[in-house]
Amino acid sequence: VPRLIRIVTDTAKPPDIETLREALSGIKGVHLDTHRKWEAELTRMARALSVLSYAILFLISISAVAIVVFATRAVLQANRHVVDLLHLVGARDSYIARQIDGRFLRTGLLSGFIGVAMGLFTFLLLGLSGSGGGGLATASRSLLFAAPDIAIWSYALLFAVPVAATLICLITARITLMRRLGVVT
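No experiment lies behind these values; they were computed from the predicted model shown.

Chemist: Hey, could you run me through a nonpolar patch on the surface in this one?
Modeler: A contiguous nonpolar patch, built from L110, I114, M118, F121, L124, L125 and L128 and spanning about 700 Å² of accessible area, is present on the exposed surface. Examined against the element boundaries, L110 turns out to sit in helix α4 (residues 93-129).

Here is the structure:
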């Protein structure tokens with residue numbers, strides 16, 4: 001049965017691993033494992049997941065822009081008679097666009113904050129689901145909820161997401177509206 005000896009080193013004064021490896025190589029059956037191979041693999045995987053998450057965020061953003069474009073066109077098409085009437089009474093395209101922008105602003109912010117609330121609720125449920133005992137439950141809870149000094153910035157960024165998404169929606173809707181209103185008139 002192999003015996004394992006775990007040694008925790010001082011991070012301020014790390015030992016010379018190569019010298020230690022050479023000293024232990026003369027002893028039969030002794031193997032030094034510094035976990036550098038595993039650490040390198042985990043670091044590579046974390047970087048790959050980070051790149052993948054940015055790619056997914058980019059695709060979600062492009063999808064959101066496409067959805068807003070189609071929704072804006074649908075709103076204009078459904079209310080074409082109202083837009084034509086507003087043009088007949090002298091309304092400018094910028095006035096019509098502002099009215100529709102207000103609607104998109106309210107809808108975007110409301111749905112964004114509902115999404116954040118649901119995400120926080122999901123994290124809360126995941127944290128509570130493993131509230132007993134420790135082990136994997138404690139590890140998953142520590143991964144889901146950051147330390148308090150980190151959590152403040154994390155949650156601030158989380159609440160910035162609906163604001164950023166709403167800005168993307170507003171800019172996309174405004175560009176689409178102005179282009180379509182030029183066609184509608």
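Next comes the rest of the description.
Chemist: In this structure, what is going on with the nonpolar core? I would like to understand it.
Modeler: Grouped burial of nonpolar side chains is what soluble globular proteins tend to show. Core analysis: the biggest nonpolar cluster contains 14 residues, and L76, V83, I96, I100, F104, L177 and L181 have the highest contact counts within it. Those elements that place two or more of their residues in this core are α2 (36-78), α4 and α6 (148-184). Among the elements that line this core, the one with the most residues is α6, at 5 residues.

Chemist: Any chance you could explain the pattern of salt bridges here in plain terms?
Modeler: Oppositely charged side chains can pair when the atoms bearing their charge come close. The tally for this structure, following the rule as stated, stands at 3 salt bridges. Put simply, R44 and E41 hold a salt bridge, and the shortest N to O gap is 3.0 Å. Residue R44 and its partner E41 are located together in helix α2, separated by 3 residues, close to a single helical turn. Overall, R44 belongs to the exposed group, its relative accessible area being 53%. On the basis of relative accessible area, E41 is assigned to the partly exposed category, the value being 39%. With its nearest N and O atoms 2.7 Å apart, the salt bridge here joins R174 to D101. On the criterion of sequence distance, the pair formed by R174 in helix α6 and D101 in helix α4 is long-range, its members being 73 residues apart. The exposure class assigned to R174 is partly exposed, which follows from its relative accessible area of 27%. With relative accessibility at 10%, the residue D101 sits in the buried group.

Chemist: Looking at this structure, how should I read α2?
Modeler: The α-helix winds at 3.6 residues per turn, so residues separated by three or four positions along the chain end up facing the same way. With 43 residues, α2 ought to run about 63 Å at 1.5 Å a step, and its terminal C-alpha atoms sit 62 Å apart, in line with that. Looking only at α2, the buried set comprises V68, V69, T72, V75 and L76.

Chemist: It is not clear to me how the packing of aromatic side chains should be interpreted in this structure. Could you clarify?
Modeler: Aromatic ring pairs are described here by two measures, namely the spacing of the ring centres and the angle between the planes. Within the structure shown, the criterion is met by 0 aromatic pairs. The ring centre of W38 lies 5.8 Å from the NZ or CZ of K37, which sits over that ring.

Chemist: I'm lost on the packing of α2 against helix α3 (residues 80-88) in this one. Help?
Modeler: For any two helices packed against each other, one specifies the inter-axial angle together with the distance between the axes. The interhelical angle for the contact between α2 and α3, taken along N-to-C directions, is 70°, at an axis separation of 4 Å. With respect to α3, the axis of α2 lies roughly perpendicular. Contacts between α2 and α3 involve L76, Q77 and A78 from the former and R80, H81 and V83 from the latter. Residue composition of the contact of α2 with α3, grouped by class: 3 nonpolar, 2 polar and 1 charged.

What counts as what
Residues numbered from 1 in each chain as written. Predicted model: local features only at pLDDT ≥ 70, side-chain atom pairs only at ≥ 80, totals over all residues. Heavy atoms only, no water. Patch = residues over 30% accessible without salt bridge, like charges linked within 9 Å, V, L, I, M, F, W, Y side chains within 5 Å. Areas by Shrake-Rupley, 256 points an atom, 1.4 Å probe, with all protein chains shown as cover. Salt bridge = Lys/Arg side-chain N within 4 Å of Asp/Glu carboxyl O. Helix = DSSP H or I, 4+ residues; strand = E, 2+ residues; numbered from the N terminus. Core = buried A, V, L, I, M, F, W, Y, C linked by side-chain atoms within 4.5 Å. Buried < 20%, exposed > 50% of the residue type's maximum accessible area, 1.4 Å probe, protein only. Expected span 1.5 Å × (residues − 1). Phe/Tyr/Trp six-rings, centres within 6.5 Å; stacked < 30°, edge-to-face > 60°. Lys NZ or Arg CZ within 6 Å of the ring centre and 35° of its normal. Axes fitted to C-alpha atoms, helices over the stretch in contact; angles between N-to-C directions. Parallel < 35°, antiparallel > 145°, perpendicular 65-115°, else oblique. Contact = heavy atoms within 4.5 Å. Nonpolar A, V, L, I, M, F, W, Y, C, P; charged D, E, K, R; others polar.

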